[in-house]
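Results of the structural survey
If you want the building blocks of each chain, they are given just below.
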Amino acid sequence: MAPHRLSLLLLALAMLLCAASPAGAAVLFSDSLAEPVEGNLVTNEYAHWSSGGVESPDWDMTSGSLFAGGWTGVPDDCGPNRLSTNCTNSAVFRLNTKRFDFGDVRVDALLRGNAWTSTGSTPEVGFDGIHLWLRYQDEESLYYASVARRDGKVLVKKKCRGGSSNGGTYYEIGSSAVIPLPLGEWRAMGASIDTAADGSVVVEVFRDGVRVLRAVDAGEGCAPITAPGAVGVRGDNLDFHVRDFRISELHPAAARPPAGHAPAPPPAGTPAPAPGGGDGSQAVPPPASVALRPVSRRFRRALRLRVSTGSRVSKVRFSLRGRRIGTDSRGPFTLRHTPTRKLRRGVHTLRAVGYDRRGRRVASDAVRVRYLGRRLRVRPASHRFRRALRVNVRASSRIERVRFSLRGRRIRSDRREPFRIRHRPSRSLDRGVHKLRVTGFDRRGRRVAGRSLRVRYLGGGR
């Protein structure tokens, strides 16, 4: 496509996005996704799971990579380094806002699918594509609108807590006719979410400014998710671009008082409030409530927390099992806590306390989280090898020995952390994909953890 025609198309789609928003609606969040944070990267999963990564001020990424221009990179199933220069892991793309205060909103973006893909660990399935997350509470509680799938379906699902899919279960609450995704073309896509007067939740899906699906959740699988949450983008086995991401309020009239509105006068005989405190200072209301929201109520490597507060809260302190684990003095208040070796597996109590500038405090309700214990973290230097297979393993303090097996045959054991292997393939090893098994044992020789992954031998390295 000629450059001037592409510019005209993008301009037309941008005008379509503007026209799609409710009249007078305030834009609560917008990001063109055009500019990188460092290098060519906006952020990636490395920043979420490790310290020292490329942190975006607006986005959190639990899987995959996001490059300048809103590109996923070429999807693969390899763990990226700090700048995603080795690989992307964008075959499983999970991106959400750091803000968790989006309630009744409309989400719009320009999306372009480039090519369908698949990997050894993510085979081709019908639900591959692009999905918009709405009222994302954590990985176990959310809505998502499938705006472009490999099988062409447009549908809305809700995830409820409890189940085999990352701690939850999906329930379909609406679907439409098949609408294929044309590759290589920019499309305006969006979704809105609204809580009705009867407590149900209404989700609508839009393609090129036209509503193609309206789904109503009256409690399918679990109660409707009415609390505000994050918004995000999920991608599966698709090389795609996203740009001009915008979140708008759905009910501008309800969110703001009409022009010229004045509060009703107090009843007759009501004494006037004092201009200040007993010391002559200006009266200040106490800090607002503090709502503690773990990213997940189960954690292994790190406990990630966020807090919803009022504007008067200037500092939040976090505690686990009655012991302080961190403080944040800059909103949005968040914390990433790596458990120590002394923390035992099981359920623990988590709290957050907010303070205003005068030191007055308000505590959150207690939240119970489950620590799963650090077991094995297996990182091959590459999932493909020729001359030697190199694998590094990080393990919990309970693990004293790690055993490596390839194709069901033991190839090495290591008793010194960090556990690692450098294995030269034998002449009998055939080219192709093989199963690598890593097993951890405690001091008594009991098996306490295990991980399996697939590696490809390219041959010719003997």
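Up top is the structure these notes are about.
Below is a summary of the structure that appears in this document. (Residues numbered from 1 in each chain as written. Predicted model: local features only at pLDDT ≥ 70, side-chain atom pairs only at ≥ 80, totals over all residues. Heavy atoms only, no water.)

**Some words on the state of the cysteines**
Which entries qualify depends on this criterion: Cysteine sulfur atoms that pair up within 2.5 Å are treated as a disulfide.
Scanning the entire structure with this criterion turns up two disulfides. Linked covalently through their sulfurs, C78 and C87 form a disulfide whose S-S length is 2.3 Å. Of note, the bridge from C78 to C87 carries an S-S torsion of about -50° and is left-handed in sense. Disulfide connectivity for the protein chain, with bonded cysteines indexed by sequence position, reads 1-2, 3-4.

**Describing the packing of aromatic side chains**
Filter applied, for reference: Centres within 6.5 Å are what make two rings of Phe, Tyr or Trp a pair, Trp counting through its six-membered ring; a difference in plane orientation under 30 degrees is then read as stacked, over 60 as edge-to-face, and the rest as tilted. Only when the NZ atom of a Lys or the CZ atom of an Arg is both within 6 Å of the ring centre and within 35 degrees of the ring normal do we say a charge sits over the ring.
For the structure shown, the criterion picks out nine aromatic pairs. These aromatic residues form a ring-pair network of at least three members: F29, W59, F102 and F245. Directly above the aromatic system of Y144 lies the positively charged group of R234, at a separation of 5.2 Å from the ring centroid. The ring of Y355 has K315 sitting right over it, with the charged end atom 5.3 Å from the ring centre.

**Side note on the sheet that holds strand β27 (residues 389-395)**
Filter applied, for reference: Strands qualify as paired when DSSP identifies two bridges or more between them. Each helix is a run of H or I in the DSSP string that is no shorter than four residues. Each strand is a run of E no shorter than two, and both are numbered from the N terminus. Every axis corresponds to a line fitted to the C-alpha atoms, with the helix fit spanning only the stretch in contact, and the corresponding angles, defined between N-to-C directions, vary from 0 to 180 degrees.
Overall, antiparallel pairing links the three strands, which are arranged β25-β27-β30 in an open sheet. At either end of the open sheet lies a strand with only one pairing partner, and these are β25 (376-380) and β30 (419-423). Adjacent strand axes in the sheet meet at a mean angle of 15° when their direction is disregarded. Note: β27 against β30, five bridges, orientation antiparallel. Bridge pairing in β30 places V393 opposite F419.

**Re the environment of F299**
Cut-off, in case you're wondering: Whether a residue is buried, partly exposed or exposed follows from its accessible area with a 1.4 Å probe, protein chains only, as a fraction of its type maximum: under 20%, in between, or over 50%, in that order.
Within the secondary structure, F299 sits in strand β17 (residues 298-299). Taking relative accessible area as the criterion, F299 reaches 4% and is therefore assigned buried. Residues F299 and T338, spaced 39 residues apart in sequence, show a C-alpha to C-alpha distance of 9.8 Å.

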